[in-house]
Amino acid sequence: SRLNEDELAEIRGKKLGFVFQSYQLIPMLTALENVLLPFELNGSSLRPGDGRSRATELLDSVGLADRRHHYPVQLSGGEQQRVALARAFMLEPPIVLADEPTGNLDSHNGEHVLDLLLQRHRESGTTLVMVTHDPQVSSRAERRIVLRDGLVTEDRLATEPAVIAEAHL
């Protein structure tokens, strides 16, 4: 709370990766350029070397090796979300925030994107914070925190039984 806007922006840019429900890709950039964007904006000081090879590696890891020179309008929704997922991991952030990452996808593409997101999370060792209304998505989480009307009503690890919190007014 004591940081100014520039300091907050630096933390967001270097310590957080974002996967949005609506992808938030830049239409005039190719898939490769969209993934490379965090590196271009603030990553070169964090990660020396060629950002392009890292972006290519990430696109390959999400199955888009042959689509890297396509623009968002040329990609399906599932492909666009995979580009957004690769972009979130570009700078190897310690925390990735995913807001309804499967919300705009059909069940097949949603499952595929979720599998890739969880795989990248495990491989990179990041903390993944995912917001979802989908019980099938939340069932795959290591820890589940349920909010209802702004209050925590459940908080449990995947291996624990449900613990229901009572609201005290």
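Residues numbered from 1 in each chain as written. Predicted model: local features only at pLDDT ≥ 70, side-chain atom pairs only at ≥ 80, totals over all residues. Heavy atoms only, no water.

A. Geometry of the overall build of the chain. Scanning the chain for helices and strands turns up six helices and five strands. Secondary structure elements in the chain, listed N-terminal to C-terminal, are α-β-α-α-α-β-α-β-α-β-β. Counting across all 169 residues of the chain, residues that qualify as buried make up 36%. The long-range fraction of contacts in the chain, counting pairs at least 24 apart against all pairs at least 6 apart in sequence, stands at 65%. For the chain, the computed accessible surface area is about 10,200 Å², with 52% contributed by carbon and sulfur atoms. (Helix = DSSP H or I, 4+ residues; strand = E, 2+ residues; numbered from the N terminus. Buried < 20%, exposed > 50% of the residue type's maximum accessible area, 1.4 Å probe, protein only. Contact = heavy atoms within 4.5 Å. Areas by Shrake-Rupley, 256 points an atom, 1.4 Å probe, with all protein chains shown as cover.)

B. Layout of the side chain of Thr126. Locating Thr126 in the fold gives a position in the loop between α5 (107-124) and β3 (127-131). If sequence neighbours within four positions are ignored, Thr126 has contacts with Phe89, Pro93, Pro94, Val96 and His121.

C. Quick peek at the sheet that holds β3. Strand order in the open sheet formed by three strands is β1-β2-β3, with parallel pairing between adjacent strands. Sheet topology places β1 (16-19) and β3 at the edges, where each strand pairs with a single neighbour. This sheet shows a mean twist of 15° between the axes of neighbouring strands, independent of strand direction. Both strand β2 (residues 95-99) and β3 contribute to a ladder of five bridges, which runs parallel. Following the sheet pairing, Asp99 is matched in β3 by Val131. Relative to the sheet, helix α4 (residues 77-88) contacts β1 and β2, its axis offset from that of β1 by approximately 175°. (Pairing = 2+ DSSP bridges. Axes fitted to C-alpha atoms, helices over the stretch in contact; angles between N-to-C directions.)

D. The arrangement of a nonpolar patch on the surface in detail. A cluster of nonpolar side chains, namely Ile145, Leu147 and Val152, defines an oily patch on the protein surface of about 280 Å² accessible area. Assignment of secondary structure puts Ile145 in strand β4 (residues 143-148). Ile145 gets classed as partly exposed once you look at its relative accessible area, which sits at 46%. (Patch = residues over 30% accessible without salt bridge, like charges linked within 9 Å, V, L, I, M, F, W, Y side chains within 5 Å. Salt bridge = Lys/Arg side-chain N within 4 Å of Asp/Glu carboxyl O.)

E. Quick peek at the nonpolar core. Counting 32 residues, the largest nonpolar core has Val35, Leu59, Val83, Leu85, Phe89, Met90 and Leu117 as its most contacted members. For this core, the elements supplying multiple residues, two or more each, are α2 (31-43), α3 (51-61), α4, β2 and α5. With sequence-adjacent residues up to four places away left out, Val83 is seen in contact with Leu25, Ala31, Asn34, Val35, Leu59, Leu64 and Leu75. (Core = buried A, V, L, I, M, F, W, Y, C linked by side-chain atoms within 4.5 Å.)

Taken by themselves, the reported measurements are silent on function.
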